[in-house]
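Results of the structural survey
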Amino acid sequence: MQVVNFNGVKPMAITDSLLINTHNAGLTHVDALSHIPAGDEVYPGVKLPDAITPTGVRHGSADHLAAGVVTRAVLLDLAPGGGRLDATHRVNAADLDAALERAGTVLHPGDAVIVRGGWDVNQPMSQPAPGLDLTAVTWLDEHGAALYIGDISDPRPMSVPMPMHQVALARLGLPLVDAADLADLATQCEAVQRWSFMLVLAPPRITGTTGLAVNPIAIF
């Protein structure tokens, strides 16, 4: 929600106030480790009262990323050619292997993995949408992924356990970037026939948060 601070009187400057629901599906954002507890703990085993307070996050805040992330990234396009996955599709390890083979590259530990399913998830949570299953989470862990960016994440409607949020984030410590728009990236990768690139991620320096809005940038 944006409010422009202007009342019609000739100003010296014009400002605005922003109210941001960070974990909204219409906003590309990074989930901090504190976003989803594992029982009464925040990864990697910090008790919830010690990690989260009414005045902010003490452990697992998103601001630890504020120094910036610069790493190699690989796009795994699960619906090449501008397509999109079926709403009921559950992305498994074999799907990720096939996409990596199509990309003609390899993953190294510490790489960011970017997964495109061709979906805009800014829809009602009850609307079916594809997502990753537990074998895909195991695949990400075994390949040493340092960051996940996707236009899909957990399948919808939600069911427990949520592979990406309750397992990858909460129990394996994998930061997630939700609700990414990957259409332009997929088009560029196809144009240059290259699916690996440098990723730059620089969240704002706002302390004690469970997540922050981000603008991921791919550099070829």
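These figures come from a predicted structure and were not determined experimentally.

1. Digging into the packing of aromatic side chains
- For the structure shown, the criterion picks out 1 aromatic pair.
- Over the ring of Trp119 we find Arg84; its NZ or CZ atom is 3.9 Å from the centre of that ring.

2. Quick notes on unusual backbone geometry
- The step from Arg156 to Pro157 runs through a cis peptide bond, and the omega angle for that step is -5°.
- A cis amide bond links Val160 to the next residue, Pro161, at an omega of 0°.
- A positive phi is found at Ala179, a non-glycine position, where the angle reads about 60°.
- Here the phi dihedral of Gln193 falls at roughly 55°; this positive angle occurs in a residue that is not glycine.

3. Describing the pattern of salt bridges
- Here the structure, examined in full by the defined rule, presents 4 salt bridges.
- A salt bridge links Glu41 to Lys47; the shortest N-O distance between them is 3.3 Å.
- Since its relative accessible area comes to 28%, Glu41 is described here as partly exposed.
- When the shortest N-O distance is used, the salt bridge between Arg72 and Asp111 registers 2.5 Å. Taken together, the positions of Arg72 in strand S8 (residues 69-77) and Asp111 in the loop between helix H2 (93-103) and strand S10 (112-116) put the pair 39 residues apart, joining distant regions of the chain.
- Judged by its relative accessible area of 24%, Arg72 falls in the partly exposed class.
- One connected set of salt bridges, linked through shared partners, spans Asp40, Glu41 and Lys47.

4. Regarding the layout of surface pockets
- Roughly 310 Å³ of volume is contained in the largest pocket.
- Of the residues in the lining of the largest pocket, the class split is 10 nonpolar, 7 polar and 5 charged.
- Estimated volume of the second largest pocket: approximately 240 Å³.
- Around the second largest pocket, the lining comprises 13 residues; the ones closest to its centre are Asp181, Leu182, Leu185, Pro216 and Ile217.
- For the lining of the second largest pocket, the per-class residue count stands at 10 nonpolar, 2 polar and 1 charged.

5. So, a nonpolar patch on the surface
- Taken together, the side chains of Val70, Met198, Ile217 and Ile219 define a hydrophobic patch exposed on the protein surface, amounting to about 330 Å² of accessible area.
- Secondary-structure assignment places Ile219 in strand S16 (residues 217-219).

6. Comments concerning the environment of Leu18
- Turning to its location among the elements, Leu18 is positioned in strand S2 (residues 15-18).
- Residue class for Leu18 comes out exposed when judged on its relative accessible area of 58%.
- A sequence separation of 15 residues divides Leu18 from Val3, and the C-alpha atoms of the two residues are 6.5 Å apart.
- If we skip the residues at most four places from it in the chain, Leu18 touches Met1 and Gln2.

Definitions and limits used
- Residues numbered from 1 in each chain as written.
- Predicted model: local features only at pLDDT ≥ 70, side-chain atom pairs only at ≥ 80, totals over all residues.
- Heavy atoms only, no water.
- Phe/Tyr/Trp six-rings, centres within 6.5 Å; stacked < 30°, edge-to-face > 60°.
- Lys NZ or Arg CZ within 6 Å of the ring centre and 35° of its normal.
- Salt bridge = Lys/Arg side-chain N within 4 Å of Asp/Glu carboxyl O.
- Buried < 20%, exposed > 50% of the residue type's maximum accessible area, 1.4 Å probe, protein only.
- Helix = DSSP H or I, 4+ residues; strand = E, 2+ residues; numbered from the N terminus.
- 1 Å grid on protein atoms, 1.4 Å probe; cavity = no way out; pocket = protein on both sides within 12 Å on 5 of 7 lines; lining within 4 Å.
- Points joined across faces, edges and corners; volume = space filled by probe spheres on them.
- Nonpolar A, V, L, I, M, F, W, Y, C, P; charged D, E, K, R; others polar.
- Patch = residues over 30% accessible without salt bridge, like charges linked within 9 Å, V, L, I, M, F, W, Y side chains within 5 Å.
- Areas by Shrake-Rupley, 256 points an atom, 1.4 Å probe, with all protein chains shown as cover.
- Contact = heavy atoms within 4.5 Å.

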